[in-house]
Amino acid sequence: MVFSLINGLFSGLLLSAFLAIGDGLFQTSTFQVLLDITYIPGMENTPPLLAYLIHLAISVIVAFAFIYFYPKGNGKKIVIYVTLWNVAFLILFFPFTYLSQGVYSASNILLWFFGHLLYTVFLTYQIER
C-alpha cells in the first residue's frame, strides 16, 4: 500500500510536470484538461490547489490499480498490459477534453499520450526494479 501511495504521488507529479512544461513549450492545454473538475456538480469554484490535490489522489488510486493488476511473468504480458493502459488513457483524453471545453488538436493528443506513457513506464520501472 505504501509502495502504491509513494509511486502514485510521484507519477502524478511527474505527469503534471510533463504536461505543464509541454503546454508551455507547445502552446497546448493538456494540463488544464488534467486538472479541470468544474464540470462536476459542486466543484465549479474549486481552488486550483485543491484540484491539483484531487488529481494526485486520483493518481494514487490509478497507480494502486496498475500495481495490483500488474502481470507477473514474461515481457510480452507486461507490454500488452502497459499498452492497454495507455490506450485507455488516450481514449479518456476525448471525454475529458470535451467536458473541459478544451481543444482537440494533434499536439494536445500527442502530449497527453506521451505524458501518460511516461506515467505508465515510470510505474512499470518501479515495479520491475
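The preceding data block contains the structure.
Values in this document were obtained by computation on a predicted structure and should not be read as measured data. Throughout this document, residue positions are counted from 1 along each chain, in the order its sequence is written. Local features are withheld for residues below a pLDDT of 70 in this predicted model, meaning they are given only at 70 or higher, and side-chain atom pairs are given and counted only at 80 or more; totals for whole chains, interfaces and linings count all residues. In computing side-chain values, all of the structure's heavy atoms are included and hydrogens and water are not.

The next point concerns the nonpolar core. Leu 19, Phe 66, Tyr 70, Trp 112, Tyr 119 and Leu 123 are the most contacted members of the largest nonpolar core, which totals 20 residues. Apart from the residues within four sequence positions on either side, Phe 66 is in contact with Tyr 81, Val 82, Trp 85, Thr 120, Leu 123, Thr 124 and Ile 127. Nonpolar core, defined: a set of buried Ala, Val, Leu, Ile, Met, Phe, Trp, Tyr and Cys residues in which side-chain atoms within 4.5 Å join the residues together. Per-residue accessibility, obtained with a 1.4 Å probe over protein chains only, is compared with the maximum for each type, and a residue is labelled buried under 20%, exposed over 50%, and partly exposed between these values. Residues are treated as being in contact if the distance between any of their heavy atoms lies within 4.5 Å.

Here the focus is a nonpolar patch on the surface. Taken together, the side chains of Met 1, Phe 64, Tyr 68 and Phe 69 make up a nonpolar region of the molecular surface, amounting to roughly 540 Å² of accessible area. Residue Phe 64 is classed as partly exposed on the basis of its relative accessible area of 39%. Each patch is built from salt-bridge-free residues with over 30% relative accessible area, joining like charges within 9 Å and nonpolar side chains (Val, Leu, Ile, Met, Phe, Trp, Tyr) within 5 Å. Computed with the Shrake-Rupley method and a 1.4 Å probe, the accessible areas treat only the protein chains shown as cover for residues. A carboxyl oxygen of Asp or Glu within 4 Å of a side-chain nitrogen of Lys or Arg is what we treat as a salt bridge.

The subject of this paragraph is the packing of aromatic side chains. Aromatic pairs are defined between Phe, Tyr and Trp rings, using the six-membered ring for Trp, whenever the two ring centres lie within 6.5 Å; interplanar angles under 30 degrees are classed as stacked, those over 60 as edge-to-face, and all others as tilted. Throughout the structure, instances matching the rule amount to 15 aromatic pairs. A centroid spacing of 5.3 Å and a plane angle of 70 degrees characterise the contact between Phe 113 and Phe 114, whose relative ring orientation is edge-to-face. Exposure remark for Phe 113: the relative accessible area of 26% places this residue in the partly exposed category. Looking at Phe 114, the relative accessible area reads 44%, which means it is partly exposed. The structure contains a cluster of three or more aromatic residues connected by ring pairs, namely Phe 66, Tyr 70, Tyr 81, Trp 85, Phe 89 and Tyr 119.

Before going further, it helps to examine the packing of helix α3 (residues 48-68) against helix α4 (residues 75-99). The interhelical angle for the contact between α3 and α4, taken along N-to-C directions, is 150 degrees, at an axis separation of 11 Å. Judged on the interaxial angle alone, α4 and α3 are roughly antiparallel. Handedness of the α3/α4 crossing: right-handed. Of the residues in α4, those touching α3 at Val 62, Ala 65 and Phe 66 are Tyr 81, Val 82, Trp 85 and Phe 89. Convention adopted: a line fitted to C-alpha atoms gives each axis, helices being fitted over their contacting stretch, and angles between N-to-C directions are expressed from 0 to 180 degrees. We count a stretch as a helix when DSSP gives it H or I for four or more residues in a row; a strand needs E for two or more, and each element gets its number in order from the N terminus. By the definition adopted for this analysis, an angle is roughly parallel if under 35 degrees, roughly antiparallel if over 145, roughly perpendicular if from 65 to 115, and oblique otherwise. Helix crossings fall into two classes, left-handed where the near helix is turned counterclockwise from the far one by less than a right angle and right-handed where it is turned clockwise.

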